[in-house]
Amino acid sequence: DAKTTQPNSMESNEEEPVHLPCNHSTISGTDYIHWYRQLPSQGPEYVIHGLTSNVNNRMASLAIAEDRKSSTLILHRATLRDAAVYYCILDNQGGKLIFGQGTELSVKP
Amino acid sequence: GAVVSQHPSWVICKSGTSVKIECRSLDFQATTMFWYRQFPKQSLMLMATSNEGSKATYEQGVEKDKFLINHASLTLSTLTVTSAHPEDSSFYICSARGPGQGLNYGYTFGSGTRLTVV
């Protein structure tokens, strides 16, 4: 399974944009890039996913590098409720999502 | 949006007993569901893939006789932890791709079950 690399932790200030990076240099041409987040004692929550083009939804934006070897999750205005562990995962279409360690995002008021 | 309901949200059981955890897709059908476990301060670890109408596929190192999975319908998968021991205490989470099965859909996760074996 292709692997992703994320920083262990990041800090942000409330109401400022946050850019969460993810490296996936061994991505294959058919792997989708997924992002999920997890609050303490809860199941992960779907954030966004994409294949090649940048994607936007009500929660976030996903910017995918042209060579697809990296991507960035963008939270446009961080709130305290966005503090969570964010996971970047490759979906190889086999159906299994293999989680890495993720990035723990803290948001300061 | 898609909802996966997991029950119970927490359970305490005595060592040696069995515990069943249910995972239901409420507003969509899921031919495949996935079971994860998570220890404190760690990431999710995939345990098995639950396939409707057929046997589950277990990840390497996961004891299939200890973690029994049944996926009897398109909306229900169950995980039974048999002869539970304190080391089985963990946070168990299920997921399914939905609300559609195509690659343009993400995965929906249950809220998790906190199992404590005493």
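So, here's what we can say about the structure.

1. Remarks on the overall build of chain B
Then step 1. Check the secondary structure of chain B and you find zero helices and eleven strands.
Then step 2. Overall, the C-alpha framework of chain B stretches about 40 × 30 × 25 Å when taken along its three principal axes.
Then step 3. A buried classification covers 51% of the 118 residues belonging to chain B.
Then step 4. Roughly 5,600 Å² of accessible area belongs to chain B as shown, and the carbon and sulfur atoms make up 53% of that amount.
Then step 5. One finds the centroid of the 10 positive side-chain charges in chain B at a distance of 4 Å from the centroid of its 8 negative side-chain charges.

2. Observations concerning the overall build of chain A
Then step 1. A tally of regular secondary structure across chain A gives zero helices and nine strands.
Then step 2. Secondary structure of chain A in N-to-C order comes out as β-β-β-β-β-β-β-β-β.
Then step 3. The globule rule puts the C-alpha radius of gyration for 109 residues at 13 Å, and the 13 Å found for chain A is close to it.
Then step 4. Each principal axis of the C-alpha atoms in chain A carries an extent, and together these give about 40 × 30 × 25 Å.
Then step 5. Counting the 109 residues in chain A, one finds 43% classified as buried.
Then step 6. Residue pairs at least 24 apart in sequence account for 56% of intrachain contacts in chain A once pairs closer than 6 positions are excluded.
Then step 7. Accessible surface, chain A as shown: approximately 5,600 Å² in total, 46% of it carbon and sulfur.
Then step 8. Charged side chains of chain A number 9 positive and 12 negative; the gap between the two group centres comes to 3 Å.

3. Things to note about the packing of aromatic side chains
Then step 1. Under the criterion given, the structure shown has nine aromatic pairs over all chains.
Then step 2. On the numbers, 5.8 Å between centres and 80° between planes, the contact of Phe99 of chain A with Phe109 of chain B is edge-to-face. Taken together, the residues span two chains, with Phe99 of chain A in the loop between strand S8 (84–91) and strand S9 (103–108) and Phe109 of chain B in strand S10 (residues 107–109). Assigned by exposure class, Phe99 of chain A and Phe109 of chain B land together as buried.

4. With respect to the interface of chain A and chain B
By a widespread convention, an interface's size corresponds to the accessible area lost as its parts come together.
Then step 1. Listed per partner, the contact involves 20 residues of chain A and 21 residues of chain B.
Then step 2. Looking only at chain A, the three residues that lose the most surface to chain B are Pro44, Lys96 and Phe99 of chain A, adding up to 26% of its buried area.
Then step 3. Taken together, the links from chain A to chain B amount to two salt bridges.
Then step 4. The salt bridge partner of Glu59 of chain B is Lys96 of chain A, with a shortest N-O separation of 3.1 Å.
Then step 5. Where chain A touches chain B, the interface holds seven residue pairs in polar contact (both at pLDDT 80 or more).
Then step 6. Listing elements by their share of the side of chain A that touches chain B, those giving two or more residues are strand S3 (32–38), strand S4 (45–50) and S8 of chain A.

5. Here we look at the sheet that holds strand S2 (residues 18–23) of chain A
Residues and elements named next belong to chain A.
Then step 1. Here we have four strands laid out as an open sheet, ordered S2-S7-S6-S5, and antiparallel in their pairing. Only two strands of the sheet have a single neighbouring strand rather than two, namely S2 and strand S5 (55–56).
Then step 2. Pairing geometry for S5 and strand S6 (residues 61–64), over two bridges, is antiparallel. Across the sheet, residue Val55 finds its bridge partner in S6, namely Leu62.

6. Re the sheet that holds S4 of chain A
All names here are of chain A.
Then step 1. Spatially, the five strands line up as an open sheet ordered S1-S9-S8-S3-S4, and their pairing is mixed. With one partner strand each, in any of the chains shown, strand S1 (9–13) and S4 form the two edges of the open sheet. Sheet twist, expressed as the average angle between the axes of neighbouring strands with direction ignored, equals 25°.

7. Considering the side chain of Thr113 of chain B
Residues and elements named next belong to chain B.
Then step 1. Mapping Thr113 onto the fold places it in strand S11 (residues 113–117).
Then step 2. Thr113 sits in the buried class, given a relative accessible area of 0%.
Then step 3. If near-sequence neighbours (up to four positions away) are discounted, Thr113 is found in contact with Gln6, His7, Pro8, Ser9, Val11, Ile21, Ser90, Phe91 and Tyr92.

Criteria and cut-off values
Counting starts from 1 at the beginning of each chain's written sequence and moves along it residue by residue. The lettering of chains begins at A and the numbering of ligands begins at 1, in the order of writing. In view of the model being predicted, local features appear only for residues whose pLDDT reaches at least 70, and side-chain atom pairs are presented and counted only at 80 or more, with totals across whole chains, interfaces and linings using the full set of residues. Based on all heavy atoms of the structure, the side-chain values leave hydrogens and waters out of the count. Each helix is a run of DSSP H or I of at least 4 residues and each strand a run of E of at least 2, with the numbering of both proceeding from the N terminus. Three labels apply to residues, based on accessible area from a 1.4 Å probe with only protein chains included: buried if under 20% of the type maximum, exposed if over 50%, partly exposed otherwise in between. Under the convention used here, a 1.4 Å probe and the Shrake-Rupley method define accessible areas, while residue burial counts only the protein chains that appear. Positive: Lys, Arg. Negative: Asp, Glu. His and the chain ends are not part of the count. Charge positions come from single atoms, namely NZ of Lys, CZ of Arg, CG of Asp or CD of Glu. For this measure, only C-alpha atoms enter the radius of gyration; the expected value for a globule follows 2.2 Å times N^0.38, where N is the number of residues. When checking whether two residues touch, look at their non-hydrogen atoms; a contact exists if any pair is within 4.5 Å. Pairing of aromatic rings covers Phe, Tyr and the six-membered ring of Trp, with a centre-to-centre limit of 6.5 Å; geometry is then stacked below 30 degrees between planes, edge-to-face above 60, and tilted otherwise. Summed over both partners, the accessible area lost on bringing two parts together, with a 1.4 Å probe, is the buried area. A side-chain nitrogen of Lys or Arg and a carboxyl oxygen of Asp or Glu constitute a salt bridge if their distance falls within 4 Å. Pairs of N or O atoms are called polar contacts if they sit within 3.5 Å, as long as, within protein, a hydrogen donor faces a hydrogen acceptor (for residues adjacent in sequence, only side-chain-to-side-chain pairs). What makes two strands pair is DSSP finding at least two bridges between them. Helix axes are fitted to C-alpha atoms over the stretch in contact, other axes to C-alpha atoms as well, and angles between N-to-C directions run from 0 to 180 degrees.

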